[in-house]
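# Structural overview for review
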Amino acid sequence: MGWKIEKQANGKYAVYSTRLDDYIVIDAEELEIAQLYAEKGVKVYLASARAQIAKQTPVPADGEAKIDASRKRGAPPKEGEVPIGVTGFTLNDE
């Protein structure tokens, strides 16, 4: 899926799908675009999580040692501030 957000002449936003070679959203406000991307992101992450759970990949021995260390600390570590691609934005997990 390749989506591109473009600003229309009327000041509203449109979302162009490179897969369809057409606009899949038109006349949208910024909030509508944000909601669309949030919903799509949830679906993508959920599908990824389900696929990984289905694999049932075991934690390696050194991973179990890290988990044990987190239990002793009382909590796993946080990733902190993480860059989101090349957007210039960050995700803060604190």
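Above this text is the structure in question.
About the criteria used
- Residues numbered from 1 in each chain as written.
- Predicted model: local features only at pLDDT ≥ 70, side-chain atom pairs only at ≥ 80, totals over all residues.
- Heavy atoms only, no water.
- Helix = DSSP H or I, 4+ residues; strand = E, 2+ residues; numbered from the N terminus.
- Expected span 1.5 Å × (residues − 1).
- Core = buried A, V, L, I, M, F, W, Y, C linked by side-chain atoms within 4.5 Å.
- Buried < 20%, exposed > 50% of the residue type's maximum accessible area, 1.4 Å probe, protein only.
- Contact = heavy atoms within 4.5 Å.
- Polar contact = N/O pair within 3.5 Å; in protein donor to acceptor, adjacent residues only side chain to side chain.
- Phe/Tyr/Trp six-rings, centres within 6.5 Å; stacked < 30°, edge-to-face > 60°.

Moving on, we come to helix H2 (residues 61–73). An ideal rise of 1.5 Å per residue puts 18 Å on 13 residues; H2 measures up with 19 Å between its terminal C-alpha atoms. After H2 finishes, the residue Gly74 shows a positive phi value of roughly 100°.

In the Ramachandran plot, Asp21 falls in the positive-phi region, its phi being about 55° despite a non-glycine side chain. Along the chain, Asp21 turns up in the loop between strand E2 (13–17) and strand E3 (22–28). Even without being a glycine, Asp27 presents a positive backbone phi close to 55°. Within the fold, Asp27 resides in strand E3.

Among the nonpolar cores identified, the biggest contains five residues, and these are Tyr13, Val15, Val25, Ala28 and Ile33. Other than its neighbours up to four places away in sequence, Ala28 contacts Gln8, Lys12, Tyr13 and Ile33.

Position of Ser70 among the secondary structure elements: in helix H2. A polar contact of 2.8 Å, which involves the side chain of Ser70, links it to the side chain of Arg73. Non-local contacts of Ser70, meaning those with residues more than four positions away in its chain, are made with Ala75, Pro76 and Pro77.

Below, the discussion takes up the packing of aromatic side chains. Under the definition given, this model contains two aromatic pairs. Aromatic pair Trp3 and Tyr37: ring centres 5.4 Å apart, planes at 80°, arrangement edge-to-face. Taken as a pair, Trp3 in strand E1 (residues 3–7) and Tyr37 in helix H1 (residues 30–55) lie far apart in primary sequence, 34 residues in all. On the accessibility criterion, Tyr37 (34% relative accessible area) is partly exposed. On the basis of an interplanar angle of 65° and a centroid distance of 5.1 Å, the ring pair of Tyr16 and Tyr23 is categorised as edge-to-face. Judged by relative accessible area, which is 19%, Tyr16 ranks as buried.

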